Amino acid sequence: MKQVKIHDKIFEPYLFETEIQEQVKKIAIEINKDYEGRKPLFIAILNGSFMFASDLFKNLTIDAEICFIKLASYKGMSSSGRVLTAIGLDMDLFGKEIIIVEDIVDTGKTLNEFLPKLLHQQPASLKIAALLHKPDALVFPINVDYLGFSIPNKFVVGYGLDYDGLGRNLKEIYKLV
Ligand code: 5GP
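The paragraphs below set out a description of the structure included in this document.

### Observations regarding the sheet that holds strand β3 (residues 41-46)
Line of reasoning, step 1. Pairing is mixed across the open sheet formed by six strands, whose spatial order is β5-β4-β3-β6-β7-β8. The sheet is open, and its two borders are formed by β5 (83-87) and β8 (146-150), each paired with just one other strand. Averaged over all neighbouring strand pairs, the angle between strand axes comes to 25°, with direction disregarded.
Line of reasoning, step 2. Bridge count between strand β7 (residues 125-133) and β8: four bridges; the pairing is parallel. Along β8, the bridge assignment pairs Leu 132 with Phe 149.
Line of reasoning, step 3. Where helix α3 (residues 109-119) meets the sheet, it contacts β3, β4 (65-74), β5, β6 (97-105) and β7, and its direction lies at approximately 170° from that of β6.

Right, here's the structure in full:
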């Protein structure tokens, strides 16, 4: 595999397609075991998680539902000055077994803001599946229940993740040189 140039930056191969697929299968096997007979609802957070969500879902053998949402933040009147809304979340989550699907947990800020909103609807359970996690970048206390890879604090692209709109179509994950 070669380096790729996206916009003005050079990225080098980091995680190969085969190792990504292997890890995704491992997570699916774990979820199949943990959620046997429980019909979980996967909530995939767009845009970055679409490939991970798709591959993970294909490897499930249990009954499960999935929906895709987008998180949008706008300047509101709250004390933090930022309000996070979930676009496309039109289901009642009361009593549901929820698994959030994220591409990457970086500082944890996004999930730290979003999870309380979900918990407000009183799901039966709430777990997080993330393909990537940067432990060194974590600022907010987020526990990833199903994790693909722990990675260093470097910017990555590919397999759904973008750099300024491009790079999502790469089958592998690349890191900034
Ligand atoms: P957090 O709120 O945990 O700091 O950031 C989560 C979001 O930031 C991810 O869902 C992703 O969209 C974006 N992000 C964080 N790190 C990276 C990275 O290395 N590459 C890309 N492409 N996006 C990232």
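There's plenty left to go through after this.
### Some points on the side chain of Lys 134
Line of reasoning, step 1. Assignment of secondary structure puts Lys 134 in the loop between β7 and β8.
Line of reasoning, step 2. Each residue touching Lys 134, except ones within four places of it in the same chain, is listed here: Ile 104, Val 105, Asp 106, Ile 151, Pro 152, Asn 153, Lys 154 and Phe 155.

### Focus: the sheet that holds strand β2 (residues 9-15)
Line of reasoning, step 1. If you walk across this open sheet you meet the four strands as β1-β2-β10-β9, and the pairing is antiparallel. Looking at the sheet topology across the chains shown, the edges are occupied by β1 (4-6) and β9 (156-157).
Line of reasoning, step 2. Relative to β2, β1 runs antiparallel, the two sharing three bridges. Note on β2: the bridge partner recorded for Ile 6 is Lys 9.

### Observations regarding the pattern of salt bridges
Line of reasoning, step 1. If you walk through the whole model with that rule in mind, you get eight salt bridges.
Line of reasoning, step 2. Notably, a salt bridge pairs Lys 58 with Asp 55, separated by 3.3 Å at the nearest N-O pair. Placement of the pair is Lys 58 and Asp 55 together in helix α2 (residues 50-58), with a separation of three residues, close to one helical turn.
Line of reasoning, step 3. Owing to a relative accessible area of 61%, Lys 58 belongs among the exposed residues under this scheme.
Line of reasoning, step 4. A salt bridge links Glu 65 to Lys 96; the nearest nitrogen and oxygen atoms lie 3.0 Å apart. A residue pair is termed long-range when its members are at least 10 positions apart, and Glu 65 in strand β4 and Lys 96 in the loop between β5 and β6 qualify at 31 residues.
Line of reasoning, step 5. For Glu 65, a relative accessible area of 34% corresponds to the partly exposed category.
Line of reasoning, step 6. We classify Lys 96 as partly exposed; its relative accessible area is 24%.

### Here we look at the environment of Val 139
Line of reasoning, step 1. Residue placement: Val 139 occurs in the loop between β7 and β8.
Line of reasoning, step 2. Val 139 sits 87 residues away from Phe 52 along the chain, and the two C-alpha atoms are 24 Å apart.

### Brief notes about the packing of aromatic side chains
Centre-to-centre distance and the angle between the planes together describe a pair of aromatic rings.
Line of reasoning, step 1. Overall, the coordinates contain four aromatic pairs when judged by the stated rule.
Line of reasoning, step 2. An angle of 85° between the planes, with centres 5.9 Å apart, marks the rings of Phe 42 and Phe 57 as edge-to-face. Remark: Phe 57 occurs in helix α2 and Phe 42 occurs in strand β3; sequence separation between them is 15 residues.
Line of reasoning, step 3. The interplanar angle of 75° and the centroid separation of 6.1 Å between the aromatic rings of Phe 155 and Tyr 163 together place this pair among those described as edge-to-face.
Line of reasoning, step 4. Since its relative accessible area comes to 38%, Phe 155 is described here as partly exposed.
Line of reasoning, step 5. Tyr 163 gets classed as buried once you look at its relative accessible area, which sits at 17%.
Line of reasoning, step 6. Put simply, the rings of Phe 11, Phe 155 and Tyr 163 pair up and form one aromatic cluster.
Line of reasoning, step 7. The ring centre of Tyr 35 lies 4.3 Å from the NZ or CZ of Arg 38, which sits over that ring.

About the cut-offs
- Counting from 1, residues in each chain are numbered in the order their sequence is written.
- Local features are withheld for residues below a pLDDT of 70 in this predicted model, meaning they are given only at 70 or higher, and side-chain atom pairs are given and counted only at 80 or more; totals for whole chains, interfaces and linings count all residues.
- Working from all heavy atoms in the structure, the side-chain values ignore hydrogens and water.
- Paired strands, in this sense, are two strands between which DSSP finds at least two bridges.
- Numbering of helices and strands starts at the N terminus; helices are DSSP runs of H or I of at least 4 residues and strands are runs of E of at least 2.
- Helix axes are fitted only over the stretch in contact, all axes being lines through C-alpha atoms; the angle between N-to-C directions runs from 0 to 180 degrees.
- A contact between two residues is defined here by any heavy atoms of the two lying within 4.5 Å.
- By definition, a salt bridge exists where a carboxyl oxygen of Asp or Glu is found within 4 Å of a side-chain nitrogen of Lys or Arg.
- Classification of residues uses two cut-offs on accessible area relative to the type maximum, computed with a 1.4 Å probe and protein chains only: under 20% is buried, over 50% is exposed, and between them is partly exposed.
- Between the rings of Phe, Tyr and Trp (Trp by its six-membered ring), a pair exists once the centres lie within 6.5 Å; its type follows the angle of the planes, with under 30 degrees stacked, over 60 edge-to-face, and the other angles tilted.
- Ring-over charges, as used throughout, are those where CZ of Arg or NZ of Lys falls within 6 Å of the ring centre and within 35 degrees of the ring normal.

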